[in-house]
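Chain residues, written in single-letter form:
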Amino acid sequence: MEIRFAKEEDLDGINSLLYQVLEVHHKGRPDLFFGGVKKYTDDEILAILKNEETPVFVAAEDGKVLGYAFCIFTEVKGSHILKDVKTLYLDDLCVDEHSRGKHVGKALYEHVLSFARESGCYNLTLNVWSCNESAMGFYEKMGLVPQKTVLEKIL
């Protein structure tokens with residue numbers, strides 16, 4: 001298995017995973033997420049792949065995409081309340097349902113973490129839906145801790 005920057009040729013594999021991850025969210029929160037859709041259009045994915053501020057990595061083996069990690073650089077500068085900080089936000093990490101349990105997610109996460117360090121980031125952040133217990137457990141196992149909590153009251 002290799003982990004590398006995603007390429008246009010990875011589009012079909014990425015799309016398959018985008019449907020899988022959104023289905024997890026739809027099952028957990030059908031009041032918020034549609035089923036049978038994906039997060040990005042093909043044109044949006046291709047634009048993301050070309051943008052240095054939105055690196056995307058894939059774990060691939062024998063030409064098949066086993067997982068991906070969509071990332072976004074963010075930066076706080078010149079705030080009167082926050083220190084200047086460069087962050088790598090892990091927007092989305094997904095491993096193909098047939099490749100889970102084979103440490104693909106761990107390898108992707110560790111690659112993203114190294115990339116963030118090499119890029120001069122202070123931290124790596126991400127959001128996890130509380131209904132996605134397997135993702136919550138995975139990230140806790142990887143050593144992530146809560147930075148802040150978003151609460152809701154459905155009306």
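J.: Sorry, what's going on with the overall build of the protein here?
T.: Each helix and strand counted, the protein has four helices and five strands in total. Ordered by position from N to C terminus, the α and β elements of the protein give β-α-α-β-β-β-α-β-α. Projected onto the principal axes, the alpha-carbon positions of the protein cover approximately 50 × 45 × 30 Å. Restricting to contacts in the protein with at least 6 residues of sequence separation, those with at least 24 account for 58%. When the accessible surface of the protein is totalled, it reaches about 10100 Å², and 52% of it is carbon and sulfur.

J.: Please clarify how the nonpolar core should be interpreted in this entry.
T.: A general tendency of soluble globular proteins is for nonpolar side chains to be buried together. Formed by 22 residues in total, the largest nonpolar core has its most connected members in L88, L90, L93, L108 and V112. At the level of elements, β2 (56-61), β3 (64-76), β4 (85-95), α3 (104-118), β5 (123-126) and α4 (133-141) are the ones that each hand at least two residues to this core. It is α3 that contributes the most residues to this core, six residues altogether. Once you skip the residues sitting within four places of it in the chain, L108 turns out to touch I3, F57, V58, A59, G67, Y68, A69, L93 and C94. Counting residues in each nonpolar core, the second largest holds 16 residues, with A6, L18, V58 and F70 among its members.

J.: So what exactly am I meant to see when it comes to the side chain of R29 here?
T.: If you trace the backbone, R29 turns up in the loop between α1 (11-28) and α2 (42-50). By relative accessible area, which is 13% here, R29 ends up buried. Here E152 takes part through its side chain, which lies 2.4 Å from a polar atom of the side chain of R29.

J.: What is the right way to look at the environment of A69 in this model?
T.: Along the chain, A69 turns up in strand β3. Separated by 23 residues in the primary sequence, A69 and L46 place their C-alpha atoms 15 Å from one another. Residues within four places of A69 in sequence aside, it is in contact with P55, V56, F57, L90, D92, L93, L108 and V112.

J.: How should I be thinking about the packing of aromatic side chains in this particular structure?
T.: For any two aromatic rings, the description comes down to two numbers: the centre-to-centre distance and the angle of the planes. All chains considered together, the criterion is met by eight aromatic pairs. On the numbers, 5.0 Å between centres and 70 degrees between planes, the contact of F57 with F115 is edge-to-face. Of this pair, F57 sits in strand β2 while F115 sits in helix α3, and the two are 58 residues apart along the sequence. Here F57 matches F115 in class, with each residue buried. Here F73 and F115 contribute two aromatic rings whose centre-to-centre distance is 5.8 Å and whose plane-to-plane angle is 45 degrees, an arrangement assigned as tilted. With F73 in strand β3 and F115 in helix α3, this pair connects stretches of sequence that are 42 residues apart. Of the two residues, F73 and F115, both sit in the buried class. Taken together through their ring pairs, the aromatic side chains of F5, F57, F73 and F115 make up a single cluster. Above the face of the F73 ring, K86 is positioned so that its terminal group lies 4.9 Å from the ring centre.

Conventions and cut-offs
Residues numbered from 1 in each chain as written. Predicted model: local features only at pLDDT ≥ 70, side-chain atom pairs only at ≥ 80, totals over all residues. Heavy atoms only, no water. Helix = DSSP H or I, 4+ residues; strand = E, 2+ residues; numbered from the N terminus. Contact = heavy atoms within 4.5 Å. Areas by Shrake-Rupley, 256 points an atom, 1.4 Å probe, with all protein chains shown as cover. Core = buried A, V, L, I, M, F, W, Y, C linked by side-chain atoms within 4.5 Å. Buried < 20%, exposed > 50% of the residue type's maximum accessible area, 1.4 Å probe, protein only. Polar contact = N/O pair within 3.5 Å; in protein donor to acceptor, adjacent residues only side chain to side chain. Phe/Tyr/Trp six-rings, centres within 6.5 Å; stacked < 30°, edge-to-face > 60°. Lys NZ or Arg CZ within 6 Å of the ring centre and 35° of its normal.

Purely geometric stuff here, so don't read any function into it on its own.
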